[in-house]
Amino acid sequence: MRRLVRAVSCGLLVLLAAGCGTAVDPLAPPTGSRAPRPVVGVILPDRSSSDRWEDQDRPLLLQALNFAGIEGVIENADGDEARFASIADEMIGRGVKVLMTTPLSPEGGAAVERKARDAGIPVINYDRISLGGQADYYVSFDNLNVGELQAEGLLKCLGEKQGARIIELQGAPTDNNATLFFDGQRRKLGPKYDTGALKLVDSKPIDKWDPLLGKAAFEQMLLANGGAVDGVVAANDGLAGAAIEVLKAKGLAGRVPVTGQDATLEGLRSILRGEQCMTVYKPIRDEAEAAARLAIAVARGDLSGADDLATGNTRDLVAKRDVKSVLLGADLITRDNVRAGGRGRGQARGPVRRRHRGRLHRAGHPDQLDGHAPA
């Protein structure tokens, strides 16, 4: 289990260190240059919604930027909008070459992006997009597909059970990713709710993805339904853990399928214990590497190189514009493939091969134009 987390954290080093003949690594610093190192400022969102931000994103981004001769300055907003804005002001005042942000809310992100645009500083939205904002690039996963994988996992765990009663713990209402996860889930679960094959007991968004708030909300929804539940859609592993705590207290843990996301260490342990039926592995290594390559190109003034990396587009329906994007794939993890040591052991394909070329992702809208009609 521990090797899984180490593989995600260390995989980038292997990729960066590997050489092939005389090929030039685009991450490598320019030879013979003694100019001051360009600075890339990064603002991570919090430490509570997931352990990924400090355990994986920070070291992976810092390692890649430093390897390329770029000074990476990484701060954490700790879930505080005022702190997010203050850090951004400081980085903009410092004159960073690129500002990479994971916004806490679209409004807060957009406000920072306006200041950066006025200062002539390009912005990369990392993992979450600021709807209505002015970011130059966006790096994330195909989050509609993540929601679909969660629904597929739940349906597989439920088997042929008809009329199963489902409670949903959704993500933060200010996080557009949470909306996309929800929309992806509904593509698979919506028709079953409509026909009565499944019964939706209740669905609540959880502010700041807070597991304590999630636990309280789940307890209330379960109590209101007389303590009866057959399946739980939890939008990430933290919320899954909150639901499992309640189920344990009622002797239902392991008997009620619970979904998750992020393939956290605790989430994987819960899967192996039989308490959580699935999670979604999003290779953070790939996301961090893609974002770092993009930031390095922009910091060096190589905008054509950056555009070659961001071959997708995300449609911001609030700002009515397309945002150049890198959208990566994800994998469904169950007890079977955790034990098999497959994709979940950091063996996911690299970002170039995972990128969804030519795809138009419509942020803030349930439809995604990907070559077939939405469900």
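Below you will find a few notes about this structure. (Residues numbered from 1 in each chain as written. Predicted model: local features only at pLDDT ≥ 70, side-chain atom pairs only at ≥ 80, totals over all residues. Heavy atoms only, no water.)

1. Points about the overall build of the protein chain
On a plain count of helices and strands, the protein chain comes out with 13 helices and 14 strands. By the burial criterion, 53% of the 375 residues in the protein chain qualify as buried. At a minimum sequence separation of 6, the contacts of the protein chain that also span at least 24 residues come to 73%. (Helix = DSSP H or I, 4+ residues; strand = E, 2+ residues; numbered from the N terminus. Buried < 20%, exposed > 50% of the residue type's maximum accessible area, 1.4 Å probe, protein only. Contact = heavy atoms within 4.5 Å.)

2. Concerning unusual backbone geometry
Positive phi outside glycine occurs at Lys208, with the angle close to 60°. As for its placement among the helices and strands, Lys208 is situated in the loop between strand S7 (198-205) and helix H7 (211-224). Of note in the backbone geometry, Trp209 takes a positive phi value of approximately 55° without being a glycine. Secondary-structure assignment places Trp209 in the loop between S7 and H7. Judged by relative accessible area, which is 7%, Trp209 ranks as buried.

3. Examining the side chain of Lys282
Tracing the backbone shows Lys282 in the loop between strand S9 (279-281) and helix H10 (284-299). Looking at Lys282, its side chain comes within polar contact range of the side chain of Gln261, at 2.7 Å. (Polar contact = N/O pair within 3.5 Å; in protein donor to acceptor, adjacent residues only side chain to side chain.)

4. Some details on the packing of aromatic side chains
For the structure on display, the rule yields one aromatic pair. When the ring of Phe181 is compared with that of Trp209, the centres are 6.2 Å apart and the planes differ by 70°; the resulting orientation is edge-to-face. Placement of Phe181 in helix H6 (residues 176-195) and of Trp209 in the loop between S7 and H7 is noted, with a sequence separation of 28 residues between them. Taken individually, Phe181 and Trp209 each receive the classification buried, so the pair is uniform in this respect. Just above the ring of Trp53 sits the side chain of Arg52; from NZ or CZ to the centre is 4.0 Å. (Phe/Tyr/Trp six-rings, centres within 6.5 Å; stacked < 30°, edge-to-face > 60°. Lys NZ or Arg CZ within 6 Å of the ring centre and 35° of its normal.)

5. Comments concerning the sheet that holds S7
If you trace the three strands from one edge of the open sheet to the other, you get S7-S6-S8, paired in parallel fashion. Among the strands making up the open sheet, the edge pair consists of S7 and strand S8 (231-234). For this sheet, the mean angle separating the axes of adjacent strands, direction not counted, is 15°. Here four bridges tie strand S6 (residues 164-170) to S8, and the two strands are oriented parallel to one another. When the bridges of S8 are listed, Ile167 appears paired with Val232. (Pairing = 2+ DSSP bridges. Axes fitted to C-alpha atoms, helices over the stretch in contact; angles between N-to-C directions.)

6. Some points on the packing of helix H3 (residues 81-94) against helix H4 (residues 106-118)
Between two packed helices, both the angle of their axes relative to each other and the distance between the axes serve to describe the pair. In the contact formed by H3 and H4, the axes pass within 10 Å of each other and the chain directions differ by 15°. If you check the angle between H3 and H4, you find them roughly parallel. Between H3 and H4 lies a crossing of right-handed hand. Residues Glu81, Phe84, Ala85, Ala88, Asp89 and Ile92 of H3 form the contact with H4, whose own contacting residues are Gly108, Gly109, Val112, Lys115 and Ala116. Among the residues forming the contact of H3 with H4, the class breakdown is six nonpolar, two polar and three charged. (Parallel < 35°, antiparallel > 145°, perpendicular 65-115°, else oblique. Left-handed = near helix turned anticlockwise from the far one by under 90°. Nonpolar A, V, L, I, M, F, W, Y, C, P; charged D, E, K, R; others polar.)

7. Structural notes on empty space enclosed by the protein
Counting across every chain of the model gives five cavities of 30 Å³ or more. Its volume calculated, the largest cavity comes out at about 120 Å³. What lines the largest cavity is a set of 14 residues, among which Asp127, Arg128, Trp209, Asp262 and Lys282 lie closest to the centre. Within the residue set of the lining of the largest cavity, elements represented by two or more residues are helix H2 (52-67) and H6. (1 Å grid on protein atoms, 1.4 Å probe; cavity = no way out; pocket = protein on both sides within 12 Å on 5 of 7 lines; lining within 4 Å. Points joined across faces, edges and corners; volume = space filled by probe spheres on them.)

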